[in-house]
Every structure is written in C-alpha cells, then in structure tokens.
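Structure at a glance
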Amino acid sequence: MGVSVATDRCIGAALCVMTAPEVFTQDDDGVGQLLPGGSERAGDPSVKEAARACPVQAIILHG
C-alpha cells in the first residue's frame, strides 16, 4: 500500500498535517506534501484518517 497527495487538488486545509504529522507536511504555499518515507506508512491508521478527513480527497491511498 502507498499514499500520495494530489497537489493540484489540495486546498491547504492542513487536516492531513494535523492528523498524521509524521507523514505529511505543507510547502511554502500551504500545499500538502509527503515527508520522506511517508509513503511507507500508508497502512497507519492516522494516514487512513487523514485521507478520510481531507475535504477534497487529495490524499490518495494506493493498493
């Protein structure tokens, strides 16, 4: 399983960062980004919650 951020869809709500700060961050424009190694933590409950909480479904779980 993997995770990615659809940066073209992200509106910078930061729910991913608040829900899974060990996996997500925001760039200088407020767009969500994966931290290094973040994709490897896709199975963590906090990552699944971040995907569910994203208001524009910009967090994508693969696999």
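Check the entry above for the structure.
Notes on the structure in this doc start here. All values derive from a computational prediction rather than experimental measurement.

Looking now at the environment of Glu49. Looking at where Glu49 falls in the secondary structure, it is placed in helix α2 (residues 45–53). Distance in space between the C-alpha atoms of Glu49 and Ile59 is 9.9 Å, their sequence separation being 10 residues. There is a polar contact of 2.5 Å between the side chain of Glu49 and the side chain of Arg52.

Once that is clear, we can look at the pattern of salt bridges. Applying the stated criterion across every chain, the model contains 2 salt bridges. We note a salt bridge from Arg41 to Asp44, for which the minimum N-O separation is 2.9 Å. The exposure class of Asp44 is partly exposed, given its relative accessible area of 23%. Across the pair Glu49 and Arg52 runs a salt bridge whose closest N-O atoms are separated by 2.5 Å. Taken together, the positions of Glu49 and Arg52, both in helix α2 and 3 residues apart, correspond to about one turn of that helix. On the basis of relative accessibility, which here comes to 59%, the residue Arg52 falls in the exposed class.

Formed by 13 residues in total, the largest nonpolar core has its most connected members in Val3, Cys16, Ala20, Val23, Phe24, Val47 and Ile59. Sorting the residues of this core by element identifies β1 (2–5) and α2 as the ones contributing at least two each. No other element matches α2, which puts 3 residues into this core. Once you skip the residues sitting within four places of it in the chain, Val3 turns out to touch Phe24, Leu34, Gly38, Ser39, Ala42, Val47, Ile59, Ile60, Leu61 and His62.

Reading the values: rules and limits
- Residues numbered from 1 in each chain as written.
- Predicted model: local features only at pLDDT ≥ 70, side-chain atom pairs only at ≥ 80, totals over all residues.
- Heavy atoms only, no water.
- Helix = DSSP H or I, 4+ residues; strand = E, 2+ residues; numbered from the N terminus.
- Polar contact = N/O pair within 3.5 Å; in protein donor to acceptor, adjacent residues only side chain to side chain.
- Salt bridge = Lys/Arg side-chain N within 4 Å of Asp/Glu carboxyl O.
- Buried < 20%, exposed > 50% of the residue type's maximum accessible area, 1.4 Å probe, protein only.
- Core = buried A, V, L, I, M, F, W, Y, C linked by side-chain atoms within 4.5 Å.
- Contact = heavy atoms within 4.5 Å.

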